[in-house]
Amino acid sequence: SPVWFNVGVEEHPQCSACFINSVDDTMEGILGLAKTEGMLFKWGSGTGTNLSPIRSSKELLSGGGEASGPVSFMKGYDAFAGVIKSGGKTRRAAKMVILNVSHPDVIEFIKCKEEEEKKAWALIEAGYDPSFNGPAYSSVFFQNSNNSVRVTDEFMQAVIDDKDWTTRAVTTGEAIDTYRARDLLQMMAESAHVCGDPGIQ
């Protein structure tokens, strides 16, 4: 059964607490998601998106040159989420970001929030306010989202059997990199220990 949200509070309520959005591997799709999320935050809801359809930083753009990859666009999404208060009030935007374990940028995704956390620690060490809304945390990326790696039964079996795991290009499906599956899971555990992310879905 649905959970009604904001009903009886707002004249024209947005009646769901969370919206799952898709994204296309085009600039129009990537920027369109930013608009969609911003409007959902404005009216008090959270969002969740699997960014795996966005080609990796290890792939080429259709017009030549290298793609930025989903983690780079996450910085823009995170910035919008940070400045748009949910419902225009005091609640921060609620945001979930997902990347498939087969995506070529999975290691960058696993480590992105841990690296930013360490930057915040350095600022705190230098004397900046360590509070959640203080300048140390507000000046680093990825503080407005929960990140999760979407794993498969096949990946988890590779961990159990101590097998390799190969990431695949979004555009062509060709093999990109091969890792020990247990090493990837260990990276997830270590980053989660440092900063709470990524989760596993």
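Use the structure listed above.
Residues numbered from 1 in each chain as written. Predicted model: local features only at pLDDT ≥ 70, side-chain atom pairs only at ≥ 80, totals over all residues. Heavy atoms only, no water.

Q: How should I be thinking about the overall build of the protein in this particular structure?
A: If you tally the helices and strands in the protein, you get six helices and seven strands. Each helix and strand of the protein, placed in order from N terminus to C terminus, yields the pattern β-α-β-α-β-α-α-β-α-β-β-α-β. Relative to the globule expectation of 17 Å for 201 residues, the C-alpha radius of gyration of the protein, 18 Å, shows essentially globular dimensions. Principal-axis analysis of the C-alpha atoms gives the protein an extent of 55 × 40 × 40 Å. A buried classification covers 39% of the 201 residues belonging to the protein. Across the protein, contacts joining residues at least 24 apart in sequence account for 64% of those joining residues at least 6 apart. (Helix = DSSP H or I, 4+ residues; strand = E, 2+ residues; numbered from the N terminus. Rg over C-alpha atoms; globule rule 2.2 N^0.38 Å. Buried < 20%, exposed > 50% of the residue type's maximum accessible area, 1.4 Å probe, protein only. Contact = heavy atoms within 4.5 Å.)

Q: I keep staring at the packing of aromatic side chains and nothing clicks. Help me out?
A: We describe a pair of aromatic rings using the distance from one ring centre to the other and the angle between the two ring planes. This structure, assessed with the given rule, holds two aromatic pairs. Taking 5.9 Å as the distance between ring centres and 45° as the angle between the ring planes, the aromatic pair formed by Phe141 and Phe142 counts as tilted. The class for Phe142 is buried, based on a relative accessible area of 2%. Ring centres 5.3 Å apart and planes at 85° place the aromatic pair Phe155 and Trp165 in the edge-to-face group. Separated by ten residues along the polypeptide, Phe155 in helix H5 (residues 153-161) and Trp165 in strand E5 (residues 164-168) bring together distant segments of the chain. The buried category is assigned to Phe155, whose relative accessible area is 0%. The lysine or arginine in question, Lys42, covers the ring of Trp43, its NZ or CZ lying 4.7 Å from the ring centre. (Phe/Tyr/Trp six-rings, centres within 6.5 Å; stacked < 30°, edge-to-face > 60°. Lys NZ or Arg CZ within 6 Å of the ring centre and 35° of its normal.)

Q: I would appreciate a short explanation of the sheet that holds strand E2 (residues 46-50) in the present structure.
A: Strand pairing in a sheet takes place through backbone hydrogen bonds and is either antiparallel or parallel in direction. Reading across from one edge, E1-E2-E3-E4-E7 is the order of the five strands in this open sheet, with parallel pairing throughout. Because the sheet does not close on itself, it has two edges, and the strands there are strand E1 (18-21) and strand E7 (199-200). The pairing of strand E3 (residues 95-100) with strand E4 (residues 146-150) spans five bridges and is parallel. When the sheet's bridge partners are listed, Asn100 is paired in E4 with Arg150. (Pairing = 2+ DSSP bridges.)

Q: Explain the side chain of Arg55 here, please?
A: Position of Arg55 among the secondary structure elements: in the loop between E2 and helix H2 (70-83). Here Arg55 falls in the buried class, since its relative accessible area comes to 16%. Polar side-chain contacts of Arg55 include one of 2.7 Å to the side chain of Asp25. Of note is the side chain of Arg55, whose polar atom sits 2.7 Å from the backbone oxygen of Leu60. (Polar contact = N/O pair within 3.5 Å; in protein donor to acceptor, adjacent residues only side chain to side chain.)

Q: I would appreciate a short explanation of the pattern of salt bridges in the present structure.
A: A pair can form between side chains of opposite charge whenever their charged atoms are brought close. Inspection of the entire model under this criterion finds nine salt bridges. Among the salt bridges present, the one from Asp197 reaches Lys113, with a minimum N-O distance of 3.0 Å. Within this pair, whereas Asp197 is found in the loop between helix H6 (181-195) and E7, its partner Lys113 is found in helix H3 (residues 106-125), the two being separated by 84 residues in sequence. The class of Asp197 is buried, set by a relative accessible area of 7%. The partner of Asp183 in a salt bridge is Arg180, and the shortest N-O contact between them spans 3.5 Å. Arg180 sits in the partly exposed class, given a relative accessible area of 35%. (Salt bridge = Lys/Arg side-chain N within 4 Å of Asp/Glu carboxyl O.)

Q: So what exactly am I meant to see when it comes to the nonpolar core here?
A: Within soluble globular proteins, side chains that are nonpolar generally end up buried alongside one another. Grouped together as the largest cluster of nonpolar side chains are 29 residues, with contacts concentrated most on Leu51, Met74, Val101, Val149, Phe155, Leu184 and Met188. Listing elements by their share of this core, those giving two or more residues are helix H1 (27-42), H2, E3, H3, H5 and H6. Tallying contributions element by element places H3 first for this core, with five residues. Setting aside residues up to four positions removed in sequence, Met188 forms contacts with Val101, Ile110, Val149, Val151, Phe155, Pro198 and Ile200. (Core = buried A, V, L, I, M, F, W, Y, C linked by side-chain atoms within 4.5 Å.)

Q: In this structure, what is going on with the environment of Glu154? I would like to understand it.
A: By secondary structure assignment, the location of Glu154 is in helix H5. Look at Glu154 and you get exposed, because its relative accessible area is 59%. Residues Glu154 and Ser56, spaced 98 residues apart in sequence, show a C-alpha to C-alpha distance of 21 Å.

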